[in-house]
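Structural characterization, general
The primary structure of each chain is shown beneath.
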Amino acid sequence: MGFDLRYGDFRLRPLTVADAAMTMAWRNQPSIRASMYTDHEIRLDEHTAWIGRATSNDTCSYHICEYRGRPIGSVGFYAIERRHGRGEWTFYIGEPDAVRGSGGAMLFMAADHFFDGLGLSKLCGDAISSNPRSARLHENLGFELEGVRLRHLRRGDEMLDVRLYALFADKWKSARQQQFSTLFSAR
Ligand SMILES: CC(C)(COP(=O)(O)OP(=O)(O)OC[C@H]1O[C@@H](n2cnc3c(N)ncnc32)[C@H](O)[C@@H]1OP(=O)(O)O)[C@@H](O)C(=O)NCCC(=O)NCCS
């Protein structure tokens, strides 16, 4: 694909309570709300309470992605079940002018963190049928489609399907280098 992003320009750091206002503004954008299971507009007290829980619970691990030191988006793991070695992820790019391809780069780093940092072995991701970009991102990263939950989510008058994806540690280990070369330049 010949993308020209530098790996070293991206960094993941832990989400903190100090990120509340920024992440709430990101999360409340209509395009991001539409891609989430919870799509109402979130208030600051509700969001702050959620961050409090998200940063003090070992069944989840949330992160901010920075590009050249500027926060651009968030990726988090939740429903972590150490006993089964699995967890789910959720993510968005919050800054509308983030460099093209930031989503893929952020998820690359997040997958590394999930498998190597957290030592888990199965990463699950859901994509609502109205969000083909998310489905494509999962497929490009090597996720397998485990199934489709039909008419699973009500959005206005419509019932939407949800595509269930999974990526396994052994698959990531063997596909990672190729993914790296696709997403990042050698500079
Ligand atoms: C899904 C989301 C994270 C994708 O982020 P993004 O930065 O747009 O990510 P991508 O890496 O897919 O890049 C976008 C496009 O640029 C292309 N691209 C990727 N890297 C590129 C690069 N370095 N240079 C040029 N183009 C590039 C991709 O192929 C993609 O094209 P496509 O849309 O035709 O597939 C973002 O759109 C988002 O936050 N959406 C709302 C929230 C959401 O859907 N979350 C997922 C819930 S499951």
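Residues numbered from 1 in each chain as written. Predicted model: local features only at pLDDT ≥ 70, side-chain atom pairs only at ≥ 80, totals over all residues. Heavy atoms only, no water.

The chain goes by UDP-4-amino-4, 6-dideoxy-N-acetyl-beta-L-altrosamine N-acetyltransferase in an unreviewed UniProt entry, where it is assigned to Reyranella humidisoli.

Here's the deal with the packing of helix α4 (residues 102–117) against helix α6 (residues 169–183)
Packing of α4 against α6 leaves a shortest axis separation of 11 Å and a crossing angle of 150°. Considering the angle they form, α4 stands roughly antiparallel to α6. As α4 packs across α6, the resulting crossing turns out to be left-handed. Residues Gly104, Ala105, Phe108, Ala111, Asp112 and Phe115 of α4 pack against Ala169, Trp172, Arg176, Gln179, Phe180 and Leu183 of α6. (Axes fitted to C-alpha atoms, helices over the stretch in contact; angles between N-to-C directions. Helix = DSSP H or I, 4+ residues; strand = E, 2+ residues; numbered from the N terminus. Parallel < 35°, antiparallel > 145°, perpendicular 65-115°, else oblique. Left-handed = near helix turned anticlockwise from the far one by under 90°. Contact = heavy atoms within 4.5 Å.)

So, the site of the ligand
Lining the immediate environment of the ligand, one finds 19 residues, of which Phe91, Ile93, Asn131, Arg133 and Arg136 sit closest. Contact distances for the ligand include 3.2 Å between a nitrogen atom and a side-chain N or O atom of Arg100. Backbone polar atom of Gly103 to an oxygen atom of the ligand: 2.8 Å apart, as the coordinates give it. Look at the ligand: alone it shows 930 Å² of surface, and the protein chains cover 81% of it. Elements represented by at least two residues in the shell around the ligand include exactly β4 (86–93), α4 and α5 (132–140). Element by element, the count of residues in the shell around the ligand is highest for α5, at 4 residues. (Near = heavy atom within 4 Å. Polar contact = N/O pair within 3.5 Å; in protein donor to acceptor, adjacent residues only side chain to side chain. Areas by Shrake-Rupley, 256 points an atom, 1.4 Å probe, with all protein chains shown as cover.)

Structural notes on a nonpolar patch on the surface
A cluster of nonpolar side chains, namely Leu145, Val148 and Leu150, defines an oily patch on the protein surface of about 270 Å² accessible area. Within the secondary structure, Val148 sits in strand β6 (residues 144–155). (Patch = residues over 30% accessible without salt bridge, like charges linked within 9 Å, V, L, I, M, F, W, Y side chains within 5 Å. Salt bridge = Lys/Arg side-chain N within 4 Å of Asp/Glu carboxyl O.)

Side note on the packing of aromatic side chains
All chains considered together, the criterion is met by 16 aromatic pairs. Where Tyr7 meets Phe184, the ring centres are 5.3 Å apart and the plane angle is 90°; that geometry is what we call edge-to-face. Pair noted here: Tyr7 is in the segment before β1 (10–14) and Phe184 is in the segment after α6, with a separation of 177 residues, a long-range link. Seen in terms of ring centroids, Trp89 and Phe91 are 5.3 Å apart; in terms of plane orientation they differ by 75°. Their pairing is edge-to-face. Of the two residues, Trp89 and Phe91, neither departs from the other in class, the shared state being buried. (Phe/Tyr/Trp six-rings, centres within 6.5 Å; stacked < 30°, edge-to-face > 60°. Buried < 20%, exposed > 50% of the residue type's maximum accessible area, 1.4 Å probe, protein only.)

Side note on the nonpolar core
Among the nonpolar cores identified, the biggest contains 33 residues, and Phe10, Phe77, Trp89, Leu107 and Leu123 are the most heavily contacted of them. Going through the elements one at a time, β2 (61–67), β3 (70–81), β4, α4, β5 (122–128), α5, β7 (158–168) and α6 are the ones with two or more residues in this core. Per-element accounting of this core gives the leading share, 9 residues, to α4. With near-sequence residues (within four places) excluded, Phe10 lies in contact with Leu5, Cys65, Glu66, Tyr67, Ile72, Val99, Ser102, Ala105, Met109 and Phe184. Judged by nonpolar contacts, the second largest core, of 11 residues, contains Leu15, Ala20, Ile32 and Ile51. (Core = buried A, V, L, I, M, F, W, Y, C linked by side-chain atoms within 4.5 Å.)

Notes on unusual backbone geometry
Unlike most non-glycine residues, Arg68 shows phi in positive territory, near 50°. Along the polypeptide, Arg68 turns up in the loop between β2 and β3.

Focus: the packing of helix α1 (residues 20–27) against helix α3 (residues 44–54)
Where α1 contacts α3, the two axes come as close as 10 Å, and the packing angle between them is 115°. In terms of axis orientation, α1 runs roughly perpendicular to α3. For α1 against α3, the interelement crossing comes out right-handed. Counting all contacts with α1, which are made through Ala20, Ala21, Thr23 and Met24, the residues of α3 involved are Leu44, His47, Thr48 and Ile51.

Re the environment of Ala54
Mapping Ala54 onto the fold places it in helix α3. Since its relative accessible area comes to 7%, Ala54 is described here as buried. Separated by 106 residues in the primary sequence, Ala54 and Leu160 have C-alpha atoms spaced 27 Å apart. Ignoring sequence-local partners within four residues, the contact set of Ala54 consists of Cys60 and Tyr62.

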